[in-house]
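One-letter residues, chain by chain:
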Amino acid sequence: MQKEQLVLIGNGMAGIRAIEEILKRDPERFEITIFGEEPHPNYNRIALSSVLQGDSSVEDIILNDYDWYEKNGITLYTGDPVVKVDKRRKKIESKNGVVCHYDHLIFATGSNPFMLPLPGADKEGVIAFRDIKDCETMVETSKHYKKAVVIGGGLLGLEAARGLLNLNMETDVVHIFDYLMERQLDAPASDMLKRELEAQGMRFHMNKHTEMINGKERVEGVTFKDGTFLEADLVVMAVGIRPNIELASEAGLQTERAIVVNDFMETSAKDIYAVGECAEHNGIAYGLVAPLYEQGSVLADHLCNQETEGYKGSLTYTKLKVSGVDVFSAGHFQDNEQTRAIRVHDEFEGIYKKVVVQDDTVVGAVLFGDTSDSPRLLDMMKKEQDISGMNKAVILPSENADGASDESSVVSMAADEQICDCNGVCKGEIVEAIRNDGLATVADVTKHTNAGRSCGGCKPLVSDLLSATLGDEAVASQKEPICGCTDLSHDEVSEVIKDKQLSFTREVMNVLGWETEEGCSKCRPAINYYLGLNQPEEYEDDYTSRFINERMHANIQNDGTYSVVPRMYGGVTDPDQLRKIADTAEKYDVPMLKVTGGQRIDMLGVNKEDLPSVWEELGMNSGYAYAKSIRTVKTCVGEDFCRFGTQDSIGMGIQIEKKYERLNTPHKVKMAVSACPRNCAESGIKDIGIVGVEGAWEMYVGGNGGVDLRGGDLFCKVETGEELLHHISAFLQYYREDARYLERTSHWVERVGLDHIRSVVLDDTEKRKQLIENMEKALRALPEDPWTEISENEAKQKELFEKKQLEVVR
Ligand SMILES: Cc1cc2nc3c(=O)[nH]c(=O)nc-3n(C[C@H](O)[C@H](O)[C@H](O)COP(=O)(O)OP(=O)(O)OC[C@H]3O[C@@H](n4cnc5c(N)ncnc54)[C@H](O)[C@@H]3O)c2cc1C
Ligand SMILES: NC(=O)c1ccc[n+]([C@@H]2O[C@H](COP(=O)([O-])OP(=O)(O)OC[C@H]3O[C@@H](n4cnc5c(N)ncnc54)[C@H](O)[C@@H]3O)[C@@H](O)[C@H]2O)c1
Ligand code: SF4
Ligand code: FES
């Protein structure tokens, strides 16, 4: 039977959660197509604050990677917004011209940041804080400029300001009222917050109305209505959001502040739904994830024909995500004639608590300095618990002299109290999962229950709950498993594969009692790697276990096309290669050719179905720019051309690249050879960097030029190229055998210690001999070039590259 077509507009948090909920209920029901305006897979927008504050990387905050879409049979168009909805014909059209029929259409277009329409607001350096691009702009700006001004002293403004301080920028916050976070805090809590943030280095300008942004092309400052002026190299506007409803209203859907929906998330048009910040239910458009996830769950029930009471609205709460500051606010926290409040204000400890009561129920709360009462208060509010017979001291219990409450808050919580408010997960659910599924780490709990998957604020509680359920020692002794499919760590799995000489993925999963039948995108590639490492000659690579880029031997791009990087040994090319690249690019309409940081030519925008012919036409080897493998060896021009050159860097670079190309490694390995310490090939930030000095080569290891910038450590100095190759072989092989899959050399070197690695790799021991032998064996067993192999393998071409028959017309 043909599946119903479900189209989602908006690849953000609410829309994808709705899809996850649908897949949980009925994975086979819909043919799903998703359009996202941003050039990324679904990520955790909330965690942008932690990326900016330097606690996570962009990679860490991806919630569903490209493999997830593929595994669930979802067609994804990123970087391609929907621009037209024809509700009569049930079709949508994207900016890139994709036309797609739908049986059901979900709007999850989120919000746009509100930009104050001030004179000069279009200058360079005036931005919002909403997406990865904004985050990257702030990080980049901080490298060249010093002064940041954040307009808006709400949640977002303060989280942005903390991040900018962490980036070493002088940070001024401009707020329109006389106290901060006026939508969440009362005056005493706000004052305490301001003092704390001032102590952290933020400067505040309260009661200020910004009049204009000054500067030529780039911002130089802001002027206020009272005539005062503040210098600025960067202005971040965080003055609220506006639901993104333009497309919906153009399509004729009923909109007010947002797209109007009923209790089943149905809009005014048949078969069109809305969830997330772009939806308005009972006059409210929410701007926090908990309600949006509840909406997603209701919509999934509705679309999968499961019984549901419908969405009844949500009680919202907020926590500020700034380290060192605990602030919580929920419900109606301001006093009025109908309310009375219980207050605790400890100026010595910097703690303020206020609980607002109306008609014998708790209707709101503000907590500063100690937010441990928040789950209990929230629970009372949700249940509208009658507190008339309750001793008021029980509502805000006092603390012991050492600051600890009488009982650990998690122990005293009832089973139906929520631990994770973002994802609506209660204590009982987590305890059951810990017991039944043998969970032992916070990461396990997050994977199994979603608790902790959004703002992360509940992770300390989850951790307490693990200790309370399993005992402190059991938790402390737990190692980090590869993934949720097993309790075993990378080291243990790799050991068992070696000891028992296991030969294929399924066997490993069976022998080790995997909890899932198929494994997942974390464990399968790791097992495949360890198997290949152990039996390089016998093992047949399981390409179905590889990441999508490795399966396709090209890098998938944000619009679903691929990038192709042919091998150019040592970064050297010739007219023949250039001609082939130019001819092929012309023939296949390749929209962009770009020189990469690794001195190669990247052909960007190749259609999937053209890949085999492009490779055949090029007749060059794959540059492996997509693989956990030896990538490039970058070289400087060296002694033949440069007057400072002391060695033949190009010759050495080519020799190294030819020797180790196609070798699988735990993570990508980048190398460089420079012919003098001026280091034009950037040898200091490579996994293995070689620097020529008078009569010798220096070898540096563990460098990394990416997000976790790390200078390589001087590993050794040798006189001949032959010695150098031996050291590289021993080092690389030790890394291959000892590091965990997906561990870069920079992390491995730090974890294991340089001295230890030196003692294994450089000392003339049996172990070193063995490493070099193992490397030679692995090199002998290397497969032929994958592009050649695929060009000759029609079955594989059909399986991997043939255009799928979708109901999508380009
Ligand atoms: C820095 C920051 C910190 C935050 N912290 C918290 C927090 O601690 N707790 C909390 O609860 N909430 C927090 N939020 C708010 C939370 O992130 C949002 O409420 C949530 O992301 C909204 O989800 P959504 O799917 O409705 O919108 P979004 O996540 O914005 O997703 C909408 C997506 O739709 C895309 N889109 C728009 N139009 C189109 C189109 N025509 N075609 C295709 N795609 C389109 C957009 O590009 C976007 O990717 C924070 C937000 C930010 C920016
Ligand atoms: N920790 C969290 O829960 C968290 C963190 C970040 C963002 N968010 C969400 O993201 C969304 C956006 O956050 P936000 O802080 O921008 O929105 P917001 O509406 O909560 O706050 C905007 C703030 O800007 C101030 N403001 C308005 N105009 C101003 C002006 N001209 N000059 C100076 N100040 C002015 C307002 O008084 C208000 O305090 C919200 O939905 C928020 O809930 C949540
Ligand atoms: S690294 Fe030294 S030898 Fe190589 S190009 Fe630069 S200056 Fe010349
Ligand atoms: S409370 Fe936000 S992730 Fe759990």
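Calculation rules
Residues numbered from 1 in each chain as written. Chains lettered and ligands numbered in written order. Predicted model: local features only at pLDDT ≥ 70, side-chain atom pairs only at ≥ 80, totals over all residues. Heavy atoms only, no water. UniProt positions renumbered as here; feature names shortened; annotations may be inferred. Near = heavy atom within 4 Å. Nonpolar A, V, L, I, M, F, W, Y, C, P; charged D, E, K, R; others polar. Pairing = 2+ DSSP bridges. Helix = DSSP H or I, 4+ residues; strand = E, 2+ residues; numbered from the N terminus. Axes fitted to C-alpha atoms, helices over the stretch in contact; angles between N-to-C directions. Polar contact = N/O pair within 3.5 Å; in protein donor to acceptor, adjacent residues only side chain to side chain. Areas by Shrake-Rupley, 256 points an atom, 1.4 Å probe, with all protein chains shown as cover. Domains from an automatic or database assignment. Buried < 20%, exposed > 50% of the residue type's maximum accessible area, 1.4 Å probe, protein only. Contact = heavy atoms within 4.5 Å. Right-handed = clockwise from strand over helix to strand, strands pointing away.

Identification of the chain as Assimilatory nitrite reductase (NAD(P)H) large subunit from Alteribacillus persepolensis is taken from an unreviewed UniProt entry. Its UniProt record gives the chain a comment under Pathway (unreviewed entry), which states: "Nitrogen metabolism; nitrate reduction (assimilation)."

**Student:** Help me understand the site of ligand 3 in this model?
**Tutor:** Neighbouring ligand 3 are Cys636, Val637, Cys642, Phe644, Gly645, Ser674, Ala675, Cys676, Arg678, Asn679 and Cys680. Residue composition of the shell around ligand 3, by class: seven nonpolar, three polar and one charged.

**Student:** How should I be thinking about the sheet that holds strand β15 (residues 229-231) in this particular structure?
**Tutor:** Hydrogen bonds between backbone groups are what pair the strands of a sheet, and the pairing can be parallel or antiparallel. If you walk across this open sheet you meet the three strands as β13-β14-β15, and the pairing is antiparallel. Of all the strands in the sheet, the pair left with one neighbour each is β13 (210-215) and β15. Pairs of neighbouring strands in the sheet enclose a mean axial angle of 25°, with direction left out of account.

**Student:** Which parts of the structure should I look at to understand the site of ligand 1?
**Tutor:** In the region of ligand 1, 32 residues are neighbours, and Ala14, Glu38, Arg130, Glu277 and Lys321 sit closest. Separating an oxygen atom of ligand 1 from a side-chain N or O atom of glutamate 38 is a distance of 2.6 Å. Contact distances for ligand 1 include 2.8 Å between an oxygen atom and a backbone N or O atom of valine 289. Look at ligand 1: alone it shows 990 Å² of surface, and the protein chains cover 91% of it. For the shell around ligand 1, the secondary-structure elements that each account for two or more residues are α1 (13-25) and α8 (289-303). It is α1 that contributes the most residues to the shell around ligand 1, three residues altogether. Taken together, the residues of the shell around ligand 1 sort by class into 15 nonpolar, 11 polar and six charged. A domain-level breakdown of the shell around ligand 1 finds at least three residues from each of domain 1 (4-111 + 243-303) and domain 2 (126-239).

**Student:** I would appreciate a short explanation of the UniProt feature "binding site: [4Fe-4S] cluster" (unreviewed entry) in the chain in the present structure.
**Tutor:** Here the UniProt feature "binding site: [4Fe-4S] cluster" (unreviewed entry) sits at Cys636, Cys642, Cys676 and Cys680. Spanning 45 residues, the annotated positions come together in the fold, the maximum distance between their C-alpha atoms being 10.8 Å. Within the secondary structure, cysteine 636 is located in the loop between β32 (630-635) and α22 (649-660). For cysteine 636, a relative accessible area of 13% corresponds to the buried category. Contact partners of cysteine 636, with chain neighbours within four places excluded, come to Ser649, Ile650, Val673, Ser674, Ala675, Cys680 and Ala681. In this fold, cysteine 642 is placed in the loop between β32 and α22. On the basis of relative accessibility, which here comes to 28%, the residue cysteine 642 falls in the partly exposed class.

**Student:** Explain the pairing of strand β10 (residues 147-151) to me, please; I cannot follow it from the model alone.
**Tutor:** Where a strand is regular, its side chains alternate between the two sheet faces. Burial runs high along β10: four of the five residues are buried. Here β10 pairs with strand β11 (residues 170-174) via five bridges, running parallel. By the bridge assignment for β11, alanine 148 is matched with threonine 171. The handedness of the β10 to β11 crossover, carried by helix α5 (residues 155-166), is right-handed.

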